[in-house]
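# Chains, contacts and geometry: an overview
Here is how the chains run, residue by residue.
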Amino acid sequence: MPEEHRIRVRGLTRGHKPARFQHCRELWSQEMDVCDLSKQRGHGGAPPKEPVLMCRSNNYPKGFYCSWHLPSPTYIPNSFNISVIHGTREMVCEKDIFPKNRCHIRYLQLFSTVKYKVTLTVTNALGKNSTSLTFDEFTIVKPDPPESVVAKPVPNNPRRLEVAWQNPSSWPDPESFPLKFFLRYRPLILDQWQHVELSDGTSHTITDAYAGKEYIIQVAAKDNDIGTWSDWSVAVHATPWTEEPKHLTTEAQITETTSTSTSSFVPPPTTKI
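Residues numbered from 1 in each chain as written. Predicted model: local features only at pLDDT ≥ 70, side-chain atom pairs only at ≥ 80, totals over all residues. Heavy atoms only, no water.

Let's shift gears to the overall build of the chain. Broken down by element type, the chain carries two helices and 17 strands. When each of the 273 residues of the chain is scored for burial, the buried share is 36%. Taking the contacts inside the chain whose residues are at least 6 apart along the sequence as the reference set, 63% of them involve residues at least 24 apart. As presented, the chain carries roughly 17,000 Å² of accessible surface, and 51% of it is formed by carbon and sulfur atoms. (Helix = DSSP H or I, 4+ residues; strand = E, 2+ residues; numbered from the N terminus. Buried < 20%, exposed > 50% of the residue type's maximum accessible area, 1.4 Å probe, protein only. Contact = heavy atoms within 4.5 Å. Areas by Shrake-Rupley, 256 points an atom, 1.4 Å probe, with all protein chains shown as cover.)

Printed below as a string of C-alpha cells:
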C-alpha cells in the first residue's frame, strides 16, 4: 500500500499467519496508526462499542464534514454506514479517500431552520452499534485557526508590538461572511493572558507590553454572527523594541584620555619676572 497508508505492526513473530494481517488492515481502515498483534493472540474479537461522531463546518457556507472513530478496537473487520437527513430529504455524504473515517456534505439550502440529523452505524460479525447527532446549520460552524501569524517590535516604542495574521485558507468567502478575531498575549514571565476582541481587520498593535520582555501571542477566529470560536493559532514570540546601549564615558576615562593625548606636548618653562 502507499507510504501514507502504512501502519506499524507490533508483536510480529514467524508463527503469525497471514489472516492476522487482515485484522491490522481493518484497524488501519478505522484510522488506527498502530496494530499490536501481541494483543490479538487468543482474542476472538468484540462487538463494537458506541462510535464517536463529530460534525463541523470549517468552510461555511459551502458545507460541513463528519468524522468518526471507535472508542476501542474490535480486532475483527467492521463496516460503517452514515446517513444524513435534512428534514425529509436524505443527503449525500462523500467519503474522503484519506482519512477514511470522514465524509463531506454540501449545503443545498442556506439559512435553513430545519435541523440536520446524522446517524452512524457500525457493524461486525459479533454485533452492531450506532449513534446520532441532531443540529442546526449554524451551531456547527467553526473556522480553522488564523494563519501566518507574525509579531514584531515597533521601532522607538518599547511597549508596543505589531501583530498581523491571515484568514484561514479554508474559509471560502471572508467578504460575504467576515470573521472576527480574538487575540491573547502574555509575557513568558507571567501565566495570566491579556485578551483583545477585534470585530474587523487582520492586525493589531499591542500598546501595553512590558519593555524588554519576550511575549507569546495567539489568535482565534469566529464568524461574525454564528458558530463558535476556532482553536488557537500556532503561537508566535516577539520582544518589544529596546534601545541600543550607548557607550558611557566616565570622568576617569576623560582624564586618562586627555593625559594620553597631551603627553607628547611639553610646555615651555615659565619665567618669573
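That was the structure; now back to the text.
A few words on the packing of aromatic side chains. Following the criterion strictly, the structure yields eleven aromatic pairs and no others. Every member of this aromatic cluster is reached through a ring pair, and the members are Tyr-60, Phe-64, Tyr-107, Tyr-116, Phe-135 and Phe-177. The residue whose ring lies beneath Arg-184 is Trp-193, and the NZ or CZ to ring-centre distance is 4.0 Å. The ring of Trp-193 carries Arg-186 above its face, with NZ or CZ at 4.8 Å from the centroid. (Phe/Tyr/Trp six-rings, centres within 6.5 Å; stacked < 30°, edge-to-face > 60°. Lys NZ or Arg CZ within 6 Å of the ring centre and 35° of its normal.)

This part covers the environment of Arg-56. Residue placement: Arg-56 occurs in strand E3 (residues 52-56). You can call Arg-56 buried: its relative accessible area is 15%. Considering only alpha carbons, one finds Arg-56 and Pro-143, 87 residues apart in sequence, at a separation of 9.0 Å. Every residue in contact with Arg-56, bar those within four places of it in the chain, is listed here: Phe-64, Tyr-65, Ile-140, Lys-142, Pro-143 and Asp-144. A polar atom in the side chain of Arg-56 sits 3.0 Å from the backbone oxygen of Lys-142. Of note is the side chain of Arg-56, whose polar atom sits 2.6 Å from the side chain of Asp-144. (Polar contact = N/O pair within 3.5 Å; in protein donor to acceptor, adjacent residues only side chain to side chain.)

Next up on the list: the state of the cysteines. Under the definition given, this model contains two disulfides. What pairs with Cys-55 in a disulfide is Cys-66, and their sulfur atoms sit 2.1 Å apart. Taking the torsion about the S-S bond as the criterion, the Cys-55 to Cys-66 disulfide, at about 105°, is right-handed. Residue Cys-55 is located in strand E3, and its partner Cys-66 is located in strand E4 (residues 63-69); the two are separated by eleven residues in the primary sequence. Each member of the pair, Cys-55 as well as Cys-66, is classed as buried. Two residues, Cys-93 and Cys-103, share a disulfide whose sulfurs are 1.7 Å apart. Where Cys-93 bonds to Cys-103 through sulfur, the torsion about that S-S bond is close to 75°, and the disulfide is right-handed. Here Cys-93, found in the loop between strand E6 (89-91) and strand E7 (94-95), pairs with Cys-103, found in strand E8 (residues 102-106); they are ten residues apart in sequence, far enough to count as distant. Given a relative accessible area of 16%, Cys-93 falls into the buried group. (Disulfide = S-S within 2.5 Å.)

Looking now at the sheet that holds strand E9 (residues 116-124). Strand order in this open sheet of four strands is E6-E5-E9-E10, and the pairing throughout is antiparallel. Across the chains shown, the open sheet's two edge strands, defined by having one partner strand only, are E6 and strand E10 (127-135). Strand after strand, the sheet turns through a mean of 25° between neighbouring axes, direction not considered. Relative to E10, E9 runs antiparallel, the two being bridged by nine bridges. Across the sheet, Thr-123 pairs through a bridge with Lys-128, a residue of E10. (Pairing = 2+ DSSP bridges. Axes fitted to C-alpha atoms, helices over the stretch in contact; angles between N-to-C directions.)

What follows covers the confidence of the model for the chain. The predicted model of the chain has a mean per-residue pLDDT of 83, with 74% of residues at 70 or higher. Scored below 50 in pLDDT, residues 28-34 shows 21 contacts in the model against residues more than four places distant or in partner chains. Across residues 36-41, confidence stays below pLDDT 50; counting only partners more than four residues off in sequence or on other chains, it has 22 contacts. (pLDDT = per-residue confidence, 0-100.)

On the surface, a nonpolar cluster with roughly 300 Å² of combined accessible area is contributed by Ile-189, Leu-190 and Tyr-210. When you line up the elements, Tyr-210 lands in the loop between strand E15 (203-206) and strand E16 (215-223). (Patch = residues over 30% accessible without salt bridge, like charges linked within 9 Å, V, L, I, M, F, W, Y side chains within 5 Å. Salt bridge = Lys/Arg side-chain N within 4 Å of Asp/Glu carboxyl O.)

Let us now look at the pairing of E9. Here strand E5 (residues 79-86) pairs with E9 via eight bridges, running antiparallel. Paired with Ile-82 across the two strands is Leu-120, which belongs to E9. Taken together, E9 and the strand that follows it, E10, pair antiparallel across an intervening segment of two residues.

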